[in-house]
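Secondary and tertiary structure notes
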Protein chains: 2
Amino acid sequence: MKKLRIGIIGSGIAARELHFPALKRLENLYQITAISSPHIDHANEFASLCEKGVKTFDDHLKMMKSGLIDVVDIAIPVNFNYQTIKDAFDNGFDVICEKPIAENVQSAKQVIELCTKNPEKILYIAESQRHDPAIESIKKMISKIGKVAFFEYKLILQTKGSKYAQTEWRKSPKHVGGFLSDGGVHHVAFLNGIFGHAESVQAFVGQLSGFTDSYDTMVMNIKYENGVFGNYSVSYALDLQAENEFIIYGMEGILKLEGSKLKLIKENKIYEFEVPYVNFFEEEFKDFYNSVLTRSKSKLGDPFLALEDLEMIESGVEGKRLMN
Amino acid sequence: MKKLRIGIIGSGIAARELHFPALKRLENLYQITAISSPHIDHANEFASLCEKGVKTFDDHLKMMKSGLIDVVDIAIPVNFNYQTIKDAFDNGFDVICEKPIAENVQSAKQVIELCTKNPEKILYIAESQRHDPAIESIKKMISKIGKVAFFEYKLILQTKGSKYAQTEWRKSPKHVGGFLSDGGVHHVAFLNGIFGHAESVQAFVGQLSGFTDSYDTMVMNIKYENGVFGNYSVSYALDLQAENEFIIYGMEGILKLEGSKLKLIKENKIYEFEVPYVNFFEEEFKDFYNSVLTRSKSKLGDPFLALEDLEMIESGVEGKRLMN
């Protein structure tokens, strides 16, 4: 099996803690050959965790011209995505890029334009939640609860003390709504995986905490083209742990996701199903590998889906209409 | 203590099952002396449950001119409220009237106009939820959870087989949004009791069930003038029982109302408080009694508050802005 030589741009949390472990486990598909970061010490530190011989660069353009890599993995502050994807395309590379696709919809559309201008190139937006097998489990079960009345997705994400809250680009975010888009694209990607294409969103947003210079709390209603609607509430502000909840209320029953357990509540009985475990990040890199080798674009890595996710959040934050 | 001779207009569910038991227990304040209903058999049947000597009428105007009553209690299909309140005022009576104030905002404003034109008369809108002692319990406790991030109020109200779903005027409702306003004014009255004056609402509505010719499901976001926002989701469509939920998420804790138990969750501890029991309907009639005797308008029976409740629902259903 041909191994892809992958060059990682970025040496932060996503690169080290999400992509690197997945790539290590997929060593029959990938070989990490280079890492670039403007903070070369940081890149070297990251390289020291890898197999020997990984070359580091303080500039991704140098890495792209090194002859050491076949594909590029981008995991950097999101407002640099557009330029970095452009550089990769200009230098002939296929790209896997950590979500969100961009810092706002305007920039995301420029990314889409890059794809249109480079139809032979692959841009895979790595949205981990699209690989959540709970999506398929729920889709298989949803007919059992009859017509859907509404859904409810509630997330209390204790963020203040987290490593994510310590990174400068998240403290003073250039990306729309701060954590609301950084985390939010995951949540709507999950919902869209189940319900399809969103027709309309409505939201109120607020900033309660001081650990980021942007919003940290949102209640959003989402209406889908298939008529289903529901509520997505999220707060990154609370200094406490609380249960997260995903529930779909149907005319004849309720579906409830609790961790890896999917519960069907119907006629006063509870049926429990285990959602199979997969590592979302491994799935992304496997999917990207197949995409590159077969020269076919993956549905789950589709930049258009990533644009839709981001547009829902931006529309909620800024009170705009979805353009669809 | 002076007893008020009360004439009840209407002999349906609200009159018999909500007002009548309360009036019976308040026999030191009220004497039911007359009942009117265009369905005289229905009125007679109702009268047979009361003390002997209650006179029945097939026309509320005849009752008003009978000399038998001091005050009027209105509990009829809501689209007749305006005309009936007008008739009562024209005939010199103070009025207690079951919520909602009217079938839509336009009609509610005409009711308010009647009040303005008859400043010496009392119109008490009987909104039971405004008398819920949980409101005061929550207001006393809310500072303990720090700044409020958002609230969530979720109600699954199994309605299809209920007595309410059997009444013709609810099956083919002339009131805005059908059950969404009939039940909904209660729910927002409760929320407004806690959070104050609503600044803005956003909602999606749907009709899933066939037992009423109107909407039966809504997800609504509400933003209050004090900056607090949250979600209110309700469905009357589901053919199943599910737990209702009212939760307020604060920066430092959570308040949760479960039946008559108010739970404060803070620093991994749960503190439980019992909300004192009161009969909301007795409270309404006591309050109306004092209002009539002291010639002062009650805050909790204020038609303006009832207009606000209704306007929130109508704005949600019709996608309009709140006028405030």
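About the criteria used
- Residues numbered from 1 in each chain as written.
- Chains lettered and ligands numbered in written order.
- Predicted model: local features only at pLDDT ≥ 70, side-chain atom pairs only at ≥ 80, totals over all residues.
- Heavy atoms only, no water.
- Helix = DSSP H or I, 4+ residues; strand = E, 2+ residues; numbered from the N terminus.
- Rg over C-alpha atoms; globule rule 2.2 N^0.38 Å.
- Contact = heavy atoms within 4.5 Å.
- Areas by Shrake-Rupley, 256 points an atom, 1.4 Å probe, with all protein chains shown as cover.
- Lys, Arg positive; Asp, Glu negative; His and termini not counted.
- Charge placed at Lys NZ, Arg CZ, Asp CG, Glu CD.
- Expected span 1.5 Å × (residues − 1).
- Buried < 20%, exposed > 50% of the residue type's maximum accessible area, 1.4 Å probe, protein only.
- Arc of directions from axis to C-beta.
- Polar contact = N/O pair within 3.5 Å; in protein donor to acceptor, adjacent residues only side chain to side chain.
- UniProt positions renumbered as here; feature names shortened; annotations may be inferred.
- Pairing = 2+ DSSP bridges.
- Axes fitted to C-alpha atoms, helices over the stretch in contact; angles between N-to-C directions.
- Bend = angle between axes of the 7 residues up to and from the residue.
- Least-squares fit on C-alpha atoms with pLDDT ≥ 70 in both.
- 1 Å grid on protein atoms, 1.4 Å probe; cavity = no way out; pocket = protein on both sides within 12 Å on 5 of 7 lines; lining within 4 Å.
- Points joined across faces, edges and corners; volume = space filled by probe spheres on them.
- Nonpolar A, V, L, I, M, F, W, Y, C, P; charged D, E, K, R; others polar.
- Phe/Tyr/Trp six-rings, centres within 6.5 Å; stacked < 30°, edge-to-face > 60°.
- Domains from an automatic or database assignment.
- Buried area = accessible area lost by both parts, 1.4 Å probe.
- Salt bridge = Lys/Arg side-chain N within 4 Å of Asp/Glu carboxyl O.
- Left-handed = near helix turned anticlockwise from the far one by under 90°.

Here the focus is the overall build of chain A. Of regular secondary structure, chain A possesses eleven helices and 14 strands. Taking 2.2 N^0.38 as the reference for a compact globule, 324 residues should give roughly 20 Å; the C-alpha atoms of chain A span a radius of gyration of 20 Å, in line with that estimate. The contacts of chain A with a sequence gap of at least 6 include a subset with a gap of at least 24, amounting to 71%. Accessible surface, chain A as shown: approximately 13,600 Å² in total, 50% of it carbon and sulfur. For chain A, the centre of its 38 positive side-chain charges and the centre of its 44 negative side-chain charges are spaced 3 Å apart.

Moving on to helix 5 (residues 105-117) of chain B. Residue and element names in this part refer to chain B. Given a rise of 1.5 Å per residue, 13 residues ought to cover 18 Å, and the 18 Å separating the end C-alpha atoms of helix 5 matches this to within 8%. Listing the buried residues of helix 5 in full gives Val105, Ser107, Ala108, Val111, Ile112, Leu114 and Cys115. Angular distribution of buried residues about the axis of helix 5 spans 160 degrees; they occupy a single face of the element. More than 90 degrees from the buried face of helix 5, the exposed residues found are Gln106, Thr116 and Lys117. Taken together, the buried residues of helix 5 touch helix 4 (81-90), strand 6 (123-126) and helix 11 (303-318). Of the residues flanking the start of helix 5, the one acting as N-cap is Asn104, its side-chain oxygen 3.3 Å from the backbone nitrogen of Gln106.

What follows covers the UniProt feature "domain: Gfo/Idh/MocA-like oxidoreductase N-terminal" (unreviewed entry) in chain A. Under the feature "domain: Gfo/Idh/MocA-like oxidoreductase N-terminal" (unreviewed entry), the UniProt entry names residues 4-121 of chain A. Summarising residues 4-121 of chain A: 43% helix, 21% strand, and an end-to-end C-alpha distance of 15 Å.

Turning our attention to the pairing of strand 8 (residues 198-206) of chain A. Note on strand geometry: in a regular strand, side chains alternate between the two faces of the sheet. Residues and elements named next belong to chain A. Here strand 8 lies mainly inside the structure; seven of its nine residues are buried. Bridge count for strand 8 against strand 9 (residues 217-224) is eight bridges, and the pairing is antiparallel. Along strand 9, the bridge assignment pairs Val201 with Ile222.

Before going further, it helps to spend a moment on the sheet that holds strand 9 of chain A. Residue and element names in this part refer to chain A. Strand order in the open sheet formed by eight strands is 8-9-10-7-11-12-13-14, and the pairing between neighbours is mixed. Each edge of the open sheet is held by one strand with a lone partner, namely strand 8 and strand 14 (269-274). Between one strand axis and the next, the sheet turns through 15 degrees on average, direction left out of account. Docked against the sheet, helix 11 (residues 303-318) engages strand 8, strand 9 and strand 10 (229-235), running at close to 50 degrees with respect to strand 8.

A few words now on helix 1 (residues 13-25) of chain A. All names here are of chain A. The end-to-end C-alpha separation of helix 1 is 18 Å, in line with the 18 Å expected for 13 residues at 1.5 Å each. Bending of helix 1 peaks at approximately 40 degrees at the position of His19, with proline Pro21 no more than four residues after it. For helix 1, the set of buried residues is Ile13, Ala14, Ala15, Arg16, Leu18, His19, Phe20, Ala22 and Leu23.

Between the two copies, chain A and chain B, the superposition gives an RMSD of 0.0 Å; the rotation angle is 180 degrees and the shift along the axis is 0.0 Å. The symmetry that links the two subunits is that of a two-fold axis. When each C-alpha of chain A is compared by its distance to the rotation axis, A:Gln202 comes out closest, at 3.2 Å. In this assembly the copies share their binding face: 100% of the residues contributing to the interface of chain A also contribute to that of chain B.

A volume near 920 Å³ is recorded for the second largest pocket. What lines the second largest pocket is a set of 32 residues, among which A:Val201, A:Gln202, A:Gly319, B:Val201 and B:Gln202 lie closest to the centre. For the lining of the second largest pocket, a count of residues per class yields twelve nonpolar, ten polar and ten charged.

Moving on to the packing of aromatic side chains. Residue and element names in this part refer to chain A. Enumeration over the complete set of coordinates arrives at 30 aromatic pairs over all chains. Relative to Phe195, the ring of Phe151 lies with its centre 4.8 Å away and its plane at 20 degrees, an arrangement referred to as stacked. Here Phe151, found in strand 7 (residues 148-156), pairs with Phe195, found in helix 9 (residues 184-195); they are 44 residues apart in sequence, far enough to count as distant. For Phe151, a relative accessible area of 0% corresponds to the buried category. What makes Phe195 buried here is its relative accessible area of 5%. Between Phe190 and Phe246, the ring centres sit 5.2 Å apart and the planes meet at 75 degrees, which makes this aromatic pair edge-to-face.

Let us now look at the domain arrangement of chain A. Residue and element names in this part refer to chain A. Domain annotation for chain A reports domain 1 (4-129 + 280-298) and domain 2 (130-274 + 311-318). Here the C-alpha centroids of domain 1 and domain 2 sit 27 Å apart. In this complex, domain 1 contributes 20 residues to the contact, which on the side of domain 2 involves 21 residues. Around 1,800 Å² of area is buried between domain 1 and domain 2 when both sides are counted, 62% of it from carbon and sulfur atoms. The largest per-residue losses of area from domain 1 upon contact with domain 2 belong to Ile13, Glu127 and Gln129, which jointly make up 34% of the total buried on that side. If you look at where domain 1 meets domain 2, you find two salt bridges. Taking the shortest distance from any N to any O, the salt bridge between Lys163 and Glu17 comes out at 2.4 Å. Where domain 1 packs against domain 2, one counts twelve residue pairs in polar contact (both at pLDDT 80 or more). Contributing elements (two or more residues each) for the side of domain 1 that touches domain 2: helix 1 and helix 10 (280-294).

As a further point, take the environment of B:Ala242. Take B:Ala242: it is sitting in the loop between strand 10 (229-235) and strand 11 (245-250). Along the primary structure B:Ala242 and B:Ser200 are separated by 42 residues, whereas in three dimensions their C-alpha atoms are 28 Å apart. Once residues lying within four places of it in the same chain are set aside, the contact partners of B:Ala242 are A:Tyr249, A:Ile254 and B:Ile156.

Residue and element names in this part refer to chain B. For the pair helix 1 (residues 13-25) and helix 10 (residues 280-294), the least separation of the axes is 9 Å and the interaxial angle reads 65 degrees. Judged by the twist between their axes, the crossing of helix 1 over helix 10 is right-handed. Contacts between helix 1 and helix 10 involve Leu18, His19, Ala22, Leu23 and Arg25 on the former and, on the latter, Phe281, Glu282 and Phe285. In terms of residue class, the contact of helix 1 with helix 10 is built from five nonpolar, one polar and two charged.

Those places that UniProt annotates as "domain: Gfo/Idh/MocA-like oxidoreductase C-terminal" (unreviewed entry) correspond, in this numbering, to residues 139-315 of chain A. Annotated as 29% helix and 32% strand, the span residues 139-315 of chain A places its first and last C-alpha atoms 26 Å apart.

Attention now moves to the interface of chain A and chain B. On the chain B side, the residues contacting the 42 residues of chain A number 42 residues. In total, chain A and chain B occlude about 3,100 Å² of area from one another, counting both sides; carbon and sulfur atoms represent 69% of this. Three residues, A:Phe204, A:Leu208 and A:Met251, lead the burial of chain A against chain B; their summed loss comes to 23% of the area buried on that side. The tally of links from chain A across to chain B stands at two salt bridges. For B:Glu152, the salt bridge identified is with A:Lys154, shortest N-O distance 2.9 Å. Partitioned by chemical class, the residues of the side of chain A that touches chain B number 23 nonpolar, twelve polar and seven charged.

With that out of the way, let us pick up the sheet that holds strand 4 (residues 71-74) of chain B. All names here are of chain B. If you walk across this open sheet you meet the six strands as 3-2-1-4-5-6, and the pairing is parallel. Strands with a single pairing partner mark the edges of an open sheet, and in this sheet they are strand 3 (55-57) and strand 6. Averaged over all neighbouring strand pairs, the angle between strand axes comes to 25 degrees, with direction disregarded. Bridge count for strand 2 (residues 30-36) against strand 3 is three bridges, and the pairing is parallel. Note that in strand 3 the partner of Ala34 across the bridge is Lys55.

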